[in-house]
Amino acid sequence: MLDEVLEWLDLKPGGLYVDATLGAGGHSAAIAEKLTSGTTPERPSGRLISVDRDAQALELARERLKIFGETVTLVQAPFSRIAEVVHELGIPGVDGVLADLGVSSMQLDQAARGFSFREAGPLDMRMDATGDEVTADEIVNRWSEKEVADLLYREAEEHDSRRIARAIVRARPIRDTAHLATVVAGARKIWGRQRLHPATKTFLALRIAVNREMEELGQFLSRTPATLNSGGRWVVLTYHSGEDRQVKQALQQGERAGTLRVLTKHVIQPSEREISANPRSRSAKLRCAERV
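Overview of the structure. (Residues numbered from 1 in each chain as written. Predicted model: local features only at pLDDT ≥ 70, side-chain atom pairs only at ≥ 80, totals over all residues. Heavy atoms only, no water.)

### Quick word on the overall build of the protein chain
Thinking step 1. Each helix and strand counted, the protein chain has 13 helices and seven strands in total.
Thinking step 2. On C-alpha atoms alone, the protein chain measures out to a radius of gyration of 20 Å, which is about the 19 Å that the 2.2 N^0.38 rule sets for 292 residues.
Thinking step 3. Taken across its 292 residues, the protein chain has 50% of its residues classed as buried.
Thinking step 4. Sequence-distant contacts in the protein chain: of pairs separated by 6 or more residues, those separated by 24 or more amount to 70%.
Thinking step 5. Accessible surface for the protein chain amounts to roughly 14,300 Å². Of this, 49% is attributable to carbon and sulfur atoms.
Thinking step 6. Computed over 41 positive and 41 negative side-chain charges, the separation of the two mean positions in the protein chain equals 6 Å. (Helix = DSSP H or I, 4+ residues; strand = E, 2+ residues; numbered from the N terminus. Rg over C-alpha atoms; globule rule 2.2 N^0.38 Å. Buried < 20%, exposed > 50% of the residue type's maximum accessible area, 1.4 Å probe, protein only. Contact = heavy atoms within 4.5 Å. Areas by Shrake-Rupley, 256 points an atom, 1.4 Å probe, with all protein chains shown as cover. Lys, Arg positive; Asp, Glu negative; His and termini not counted. Charge placed at Lys NZ, Arg CZ, Asp CG, Glu CD.)

In structure tokens:
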């Protein structure tokens, strides 16, 4: 939803922006291009702070973004630390913040990261591979059946959570992502027409738990408003109902408190054309608010 992101961010010449989830750098590149377009001595470029907890993503994006020079500053940090990042750079406030939640296509496409069920890979799923978070292997092969079932239902609303958890425990040791996907597919009931792979929700729940994503999101949502200048835009892209619900509630709470004005009264979703070109975008939802 690149066009929609740029539209709702409403980039200002000379503005200062944060891409809180850099990923492969697609959004950052588009924002930086807008900020540097038509730059002159009288009309200096804006500035973009691009943040990601994944060191590998930062290195790949660094090459992509080097053409923008000092316009882009890369920072390795979880997006929950947005306030600290801005403060440590000596910035009093920014004119816009973007967060594109969830796992990036780059991470999904690398089997060695363990995010995808389409190829065999290690049961890892850590976004920061240097961190001390638990891995998916620990959850899948060591947690109790009840703990696994509760996780699947709580984080991914998986209705077959108990059936799947029972199958996982019986199949231990689970060797890799492909083995896990096979076990889940064999345990899950068929509910009408299947648009998603049977293991989609299981992998989602594991990834959320490994990276403490909902906790990170909660901290990001509570800290971001204080980093925004008056009139600053805040754009968030979510990909599952738990994320979207938490974002919606945070924006509404900010509006009731008089610190935010919600601009997207109805959630913005990708066009049929974009879904056709990029099926992974089908679950994306965009919400935007403005600091007042």
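That was the structure; now back to the text.
### Overview of helix H1 (residues 2-9)
Thinking step 1. Within the sequence span of H1, burial applies to Glu4, Val5, Leu6, Trp8 and Leu9.
Thinking step 2. Tucked inside the fold, the buried residues of H1 contact strand S1 (16-19), helix H2 (26-36), strand S4 (94-100), strand S5 (228-238), helix H13 (272-277) and strand S7 (285-291).
Thinking step 3. Looking one or two residues beyond H1, the residue adopting positive phi is Asp10, at roughly 50 degrees.

### With respect to the packing of helix H8 (residues 161-171) against helix H9 (residues 177-187)
Thinking step 1. Two elements in contact, H8 and H9, have axes separated by 9 Å at closest approach and are oriented at 135 degrees. Classified by the interaxial angle, the pair formed by H8 and H9 is oblique. Here H8 and H9 pass one another in a crossing that is right-handed. Contacts between H8 and H9 involve Arg163, Ile164, Ala167, Ile168 and Ala171 from the former and His179, Leu180, Val183, Val184 and Ala187 from the latter.
Thinking step 2. Looking at the contact of H8 with H9 residue by residue, the classes come out as eight nonpolar, one polar and one charged. (Axes fitted to C-alpha atoms, helices over the stretch in contact; angles between N-to-C directions. Parallel < 35°, antiparallel > 145°, perpendicular 65-115°, else oblique. Left-handed = near helix turned anticlockwise from the far one by under 90°. Nonpolar A, V, L, I, M, F, W, Y, C, P; charged D, E, K, R; others polar.)

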